[in-house]
Amino acid sequence: MKTDRTILYLVVPCYNEEEVLEKTAAVLSEKMQRLIGSGRISSMSKVLFVNDGSKDRTWKLIYELTQKNRMFAGLSFSRNYGHQSAILAGMMTARTRADAVVTIDADLQQDIEALDLFLDCYEGGCDIVYGVRNDRNTDGFLKKATAGIFYKLMHVLGCQTITNHADYRLMSKKALDALSQFQETNLFLRGLIPTMGFQSDVVYFDVKEREAGKSKYTFKKMLVLAVDGITSMSTRPLQMIVLLGFLTFLVSIGIFISCIWDWAHGQVVAGWTTTVASVCLIGGMTLLSQGIIGEYIGKIYMESKGRPRYIVESMILREDEGKENNEQD
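Each chain has its residues counted from 1, running along the sequence as written. At least 70 in pLDDT is required for a residue's local features to be given in this predicted model, at least 80 for side-chain atom pairs to be given and counted, and no such filter applies to totals for whole chains, interfaces and linings, which use all residues. Here the side-chain values reflect all heavy atoms present in the structure, with hydrogen atoms and water set aside.

Structural notes on the confidence of the model for the protein
Phase 1: The predictor attaches a confidence to each residue, and that confidence, scored 0 to 100, is pLDDT. Across the protein, pLDDT averages 80, with 71% of residues at or above 70.
Phase 2: Contacts of residues 321-329 to residues separated by more than four positions or lying in other chains number 15 contacts, the stretch itself having pLDDT below 50. Note on contacts: a residue pair qualifies if any of its non-hydrogen atoms lie within 4.5 Å across the two residues.

Rendered as structure tokens:
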């Protein structure tokens, strides 16, 4: 009986990761070798590092790793395009060569041992497997608080995100082929992939401390990700503007009636505070509404240009000669 082993690619987005990259490569290589040795995956499986326009020695280290070990492959952008673009580029490069692709961060905080559970779900028929952290105990107070607000806000605004899931996932070739049909420039994979359907499952894992360096996801980047996610996956903010306008109209009627009442009783000066407050309220809501609408118009403008989501400057991927021999019983 013939048994085909899964060709697995690990996609690792990297931005200024020189402090941790060699350690990460060693851990990932050791795990992949164990999976190959146990027959879980094919010896044609690889670790694909995606250099997202790093300013340090990250690409040089990736190049050196690819020369020492055929399991490692590298992809380098012409400039920094962002974490989501790096993940997408890695997946799109791997989908023509792999049966399944797992995306994982370079900081080793996501438990690599969860790969066994990912593969169990994949072998059980799942095309998408989401890695979800058990808790956020390793996060600082600010990051823990903002993360909680982020997921609650996304759900309220209609985005189908999975709480505490941060791009640690497995996707089959079939799911990746479907993802390749999505052409939008404004990428938010955490919200986009759950809308695709396909049989899926969740794997829970514990988060570890970073081996070295510091998180590249600053508060500013998390805020930008939240705005991108909301505007790319939901039109509910626009619907909220309509509701806000209606409520403001009702309040304005109330203020108008109050002003007529004051005029009728000779209390014109007494309404000065009400007038100023109403002008400030309406002015603030108008500016906020225009800002939200402007954000959507900006996204439409960028989408209409049809620019590439990323530009690959270099790629190092040594193809294995021939296909792996299938085992026969």
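Looking at the nonpolar core
Phase 1: Nonpolar core, defined: a set of buried Ala, Val, Leu, Ile, Met, Phe, Trp, Tyr and Cys residues in which side-chain atoms within 4.5 Å join the residues together. Each residue gets one of three labels from its accessible area relative to the maximum for its type: buried under 20%, exposed over 50%, partly exposed in between, using a 1.4 Å probe on protein chains only. Counting 36 residues, the largest nonpolar core has Leu-10, Val-12, Val-47, Phe-49, Val-102, Phe-118 and Tyr-168 as its most contacted members.
Phase 2: Elements supplying a minimum of two residues to this core: β2 (8-14), α1 (21-37), β3 (46-51), α2 (58-68), β5 (100-103), α4 (115-123), β7 (165-172) and β8 (200-205).
Phase 3: Secondary structure elements follow DSSP: runs of H or I of four or more residues count as helices, runs of E of two or more count as strands, with numbering from the N terminus. Ranked by residues supplied to this core, first place goes to α1 with six residues.
Phase 4: Residues within four places of Val-12 in sequence aside, it is in contact with Leu-28, Val-47, Leu-48, Phe-49, Val-50, Ile-104, Asp-105 and Ala-106.
Phase 5: Residues Tyr-9, Val-50, Ala-86 and Ala-175 belong to the second largest nonpolar core, which totals 32 residues.

Description of the packing of aromatic side chains
Phase 1: Each aromatic pair joins two rings of Phe, Tyr and Trp (for Trp, the six-membered one) with centres within 6.5 Å, and gets the label stacked for planes under 30 degrees apart, edge-to-face for over 60, and tilted for any other angle. Summed over the entire model, instances satisfying the criterion amount to five aromatic pairs.
Phase 2: Ring geometry for Phe-77 and Tyr-310: centres 5.3 Å apart, planes at 15°, overall stacked. Here the residue Phe-77 occupies a position in strand β4 (residues 72-77), and Tyr-310 occupies one in the loop between α10 (272-305) and β9 (312-316), the gap between them amounting to 233 residues.
Phase 3: Judged by its relative accessible area of 2%, Phe-77 is buried.
Phase 4: Owing to a relative accessible area of 21%, Tyr-310 belongs among the partly exposed residues under this scheme.
Phase 5: Seen in terms of ring centroids, Tyr-168 and Phe-205 are 5.1 Å apart; in terms of plane orientation they differ by 85°. Their pairing is edge-to-face. Taken as a pair, Tyr-168 in strand β7 and Phe-205 in strand β8 lie far apart in primary sequence, 37 residues in all. Accessibility assignment for this pair places Tyr-168 and Phe-205 in one class, buried.

Section: α1
Phase 1: For a helix, the expected span equals 1.5 Å multiplied by the residue count minus one. Helix length check: α1 (17 residues) gives 24 Å between terminal C-alpha atoms against 24 Å at 1.5 Å per residue, within 8%.
Phase 2: Packing partners of the buried residues in α1 comprise β2, β3, α2, β4 and α4.
Phase 3: Gly-39, located one to two residues past α1, shows a positive phi value of around 85°.

What to know about the pattern of salt bridges
Phase 1: Throughout this description, the term salt bridge denotes a Lys or Arg side-chain nitrogen within 4 Å of a carboxyl oxygen of Asp or Glu. The tally for this structure, following the rule as stated, stands at 13 salt bridges.
Phase 2: In this structure, the salt-bridge partner of Glu-113 is Lys-31, at a minimum N-O distance of 2.9 Å. Of this pair, Glu-113 sits in the loop between β5 and α4 while Lys-31 sits in helix α1, and the two are 82 residues apart along the sequence.
Phase 3: According to the relative accessible area criterion, Glu-113 is partly exposed, its value standing at 33%.

Section: the pairing of β7
Phase 1: Judged by how many residues are buried, β7 sits mostly within the fold: seven of eight residues are covered.
Phase 2: The criterion for strand pairing is that DSSP finds at least two bridges linking the strands in question. By the bridge criterion, four bridges tie β5 to β7 in an arrangement that is antiparallel. Directly across from Val-102, in β7, lies its bridge partner Leu-170.

Quick look at the side chain of Asn-51
Phase 1: Along the polypeptide, Asn-51 turns up in strand β3.
Phase 2: Between N or O atoms, a polar contact is any pair within 3.5 Å; within protein, one atom must be a potential hydrogen donor and the other a potential acceptor, and residues adjacent in sequence are included only when both atoms are from side chains. Within the structure, the side chain of Asn-51 is placed 2.7 Å from the side chain of Ser-54, a separation counted as a polar contact.
Phase 3: In contact with Asn-51, other than residues within four places in its own chain, are Cys-14, Thr-58, Trp-59, Ile-62, Leu-75, Ser-76 and Phe-77.

Some remarks on empty space enclosed by the protein
Phase 1: Buried and open spaces are told apart on a 1 Å grid over the protein atoms alone, a cavity being a set of points where a 1.4 Å probe fits but cannot get out and a pocket being an open set with protein on both sides within 12 Å along at least five of seven lines. Residues with an atom within 4 Å of a point are the lining residues. Grid points are joined across faces, edges and corners, and a volume is the space filled by probe spheres set on the points. Applying the stated rule across the entire model yields one cavity of 30 Å³ or more.
Phase 2: Here the largest cavity is characterised by a volume of approximately 40 Å³.
Phase 3: Forming the boundary of the largest cavity are Leu-88, Met-92, Leu-179, Ser-180, Phe-182, Leu-187, Leu-189, Leu-192 and Arg-309.
Phase 4: Elements supplying a minimum of two residues to the lining of the largest cavity: α3 (83-94) and α7 (189-192).

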